[in-house]
Amino acid sequence: MPLFKFTRHGDTSSTQAHSALPWLALIAVILGMVALAFAWLAGWIGRDRLTAQQFTNTIEAASGGKHPGFRRAHSKGVCVTGWFEPTAQAATLSKARVFQQQRVPVLGRLSIGGGDPHGADNSARVRSIALQLSSDDGQQWRMAMNSFPFFAVPTPEAFFEQTRAQVPDPATGKPDPARMAALADKYPSVRAFQQWAKSAPWTDSWASTQFNSINSFWFTDTHGQRHAVRWRWQPQIPATVLDPQAREQAGVDFLSADLQRRLAAGPVQWNLVVTLAGPQDDIDNPSVPWPDDREQVQAGVLQLVQTQPQDHAACNDLNFDPLILPDGISGSDDPVLAARSSVYSQSFNRRERERAEQAAELGNQEARP
């Protein structure tokens, strides 16, 4: 029996079978195009194109090699849990459910920069917070934020150049200063970032650190109006600045120890401050900070109430992809934001595979007589 048949217009007395070959050929072409698209996105073809695999490999190299089972960036950290309580003003900016309900549970992670899971807190220039806010209708808002106020480079390609320049020279064990200098000459924002790293105060705690979204996003309100925004977690406690001697004496694990002491006395809190873009602000370039005089709205309060080591806690199983967003919040066209999302996914998949291999090996060892 033929696969397809049709009745000619004006002839109701007979049908004719038509060959299925043209249809099968069309299906094959479509499937081939889909496979080609997946291969291109995965980096299996088009090797002149920057891929998440290449990026993650370079991050590993810049961190001194692989650390199986750990995140490729911000490897050292602790898990945290708590609550987010929005303000009434937040609901005027976005229809996201997290701004509508009274209290939103939070699962997160505080960390330091770098790919070494045993890195020293007192020498890490960058600190980070990653959070998942889960609303009562099942939606999630994930964010990955940093203590620096702007990104060092404007594009994923420049970010890749920067990461490559940070790969240690085998002869010295350190990055080549000439490559870093050339990068700063090429991108003025790199020199500005270096100046921030030299001059920004070293605070005494995660709890006194401000964390910034860096990338821009869109908030959509209940009337359908969109607002270009960036946000920050502004600490409620004043910062104590550590001089070099105090920082040296603080120790390599002082941030987690300090957080435990503070939480034993009560919640640690930050204000969510949303900055709205002005008409001339660059929304899609994270290396360009917005002026301080832009309109700002206090959108809520984050309260962290508990911390746990990351090894077997819930935050270790999360990919804090900054493009996992609820209805009412969407990503901008910033290409660095899209690249971060792809690299986070690649890193997550690698460490999940490594953790599964580690568990299987442990099981095999326990089964041996």
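Further up the page is the structure itself.
Because the structure is predicted, anything quoted here is derived from the model rather than measured.

Turning our attention to the overall build of the chain. When helices and strands are tallied, the chain shows 9 helices and 12 strands. Within the chain, residue pairs in contact and separated by at least 24 positions form 73% of the contacts whose partners lie at least 6 positions apart.

Now for the state of the cysteines. Summed over the entire model, instances satisfying the criterion amount to 1 disulfide. Covalent S-S linkage joins Cys79 and Cys315, the inter-sulfur distance amounting to 1.8 Å. Of note, the bridge from Cys79 to Cys315 carries an S-S torsion of about -75 degrees and is left-handed in sense. A residue pair is termed long-range when its members are at least 10 positions apart, and Cys79 in strand β3 (residues 77-86) and Cys315 in the loop between β11 (296-309) and β12 (329-331) qualify at 236 residues. For the pair Cys79 and Cys315, one class covers both residues: buried.

This part is about the pairing of strand β5 (residues 127-134). The buried fraction of β5 amounts to 7 of the 8 residues, a majority that puts the element mostly inside the structure. Note that strand β4 (residues 104-112) and β5 share 7 bridges and pair antiparallel. In the strand pairing of β5, Arg109 is matched with Ala130. Sheet topology note: the β5/strand β6 (residues 140-146) ladder contains 7 bridges and is antiparallel. Across the sheet, Ser128 pairs through a bridge with Asn146, a residue of β6. Taking the residues between adjacent antiparallel strands as the criterion, β5 and β6 are bridged by 5 residues, where Gly138 takes a positive phi near 90 degrees.

A positive phi is found at His74, a non-glycine position, where the angle reads about 55 degrees. Take His74: it is sitting in the loop between α2 (52-62) and β3. Unusually for a residue other than glycine, Ile214 sits at a positive phi of about 65 degrees. If you trace the backbone, Ile214 turns up in the loop between β7 (211-212) and β8 (217-220).

So, about the nonpolar core. Core analysis: the biggest nonpolar cluster contains 43 residues, and Phe99, Trp141, Trp231 and Trp233 have the highest contact counts within it. If one sorts the elements of this core by residue count, strand β10 (residues 268-276) sits on top with 5 residues. In terms of nonpolar packing, the next biggest core, distinct from the first, is built from 16 residues, Phe150, Ala158, Trp196 and Val336 among them.

Right, let's talk about the environment of Leu259 for a bit. With respect to the secondary-structure elements, Leu259 resides in helix α8 (residues 254-265). Of the residues examined, Leu259 reaches a relative accessible area of 1% and is grouped as buried. Residues Leu259 and Trp206 lie 53 residues apart in sequence; the distance between their C-alpha atoms is 7.1 Å. In contact with Leu259, not counting residues within four places along its chain, are Val78, Val80, Leu110, Trp206, Val268 and Thr307.

This part is about the pattern of salt bridges. Enumeration over the complete set of coordinates arrives at 17 salt bridges. Here Lys76 makes a salt bridge to Asp121, at a shortest N to O gap of 3.1 Å. In this pair, Lys76 is assigned in the loop between α2 and β3 and Asp121 in the loop between β4 and β5, connecting sequence segments 45 residues apart. Judged by its relative accessible area of 2%, Asp121 is buried. In this structure, the salt-bridge partner of Asp136 is Arg97, at a minimum N-O distance of 2.9 Å. Of the two residues, Asp136 sits in the loop between β5 and β6 while Arg97 sits in the loop between α3 (90-93) and β4, which places them 39 residues apart along the sequence. One continuous salt-bridge network, built from bridges that share partners, spans Glu60, Arg72, Arg350 and Glu354.

Looking now at the packing of helix α4 (residues 156-165) against helix α5 (residues 177-186). Where α4 contacts α5, the two axes come as close as 9 Å, and the packing angle between them is 160 degrees. One way to sum up the angle between α4 and α5 is to call them roughly antiparallel. α5 is crossed by α4, and the crossing has left-handed handedness. In this structure, α4 uses Glu161, Gln162, Arg164 and Ala165 to contact α5, whose residues at the interface are Arg179, Met180, Leu183 and Lys186.

Let us look at the packing of α2 against helix α9 (residues 335-367). Put simply, α2 and α9 touch, their axes get as near as 9 Å, and they point 70 degrees apart. Regarding the angle of α2 to α9, the classification is roughly perpendicular. For the crossing formed where α2 meets α9, the hand is right-handed. Of α9, the residues touching α2 (which contributes Ala52, Gln53, Phe55, Thr56, Asn57, Ile59 and Glu60) are Ser342, Val343, Gln346, Ser347 and Arg350. For the contact of α2 with α9, the residue count by class is 4 nonpolar, 6 polar and 2 charged.

Rules behind the numbers
- Residues numbered from 1 in each chain as written.
- Predicted model: local features only at pLDDT ≥ 70, side-chain atom pairs only at ≥ 80, totals over all residues.
- Heavy atoms only, no water.
- Helix = DSSP H or I, 4+ residues; strand = E, 2+ residues; numbered from the N terminus.
- Contact = heavy atoms within 4.5 Å.
- Disulfide = S-S within 2.5 Å.
- Buried < 20%, exposed > 50% of the residue type's maximum accessible area, 1.4 Å probe, protein only.
- Pairing = 2+ DSSP bridges.
- Core = buried A, V, L, I, M, F, W, Y, C linked by side-chain atoms within 4.5 Å.
- Salt bridge = Lys/Arg side-chain N within 4 Å of Asp/Glu carboxyl O.
- Axes fitted to C-alpha atoms, helices over the stretch in contact; angles between N-to-C directions.
- Parallel < 35°, antiparallel > 145°, perpendicular 65-115°, else oblique.
- Left-handed = near helix turned anticlockwise from the far one by under 90°.
- Nonpolar A, V, L, I, M, F, W, Y, C, P; charged D, E, K, R; others polar.

Without other data, these values stay purely geometric and don't point to any function.
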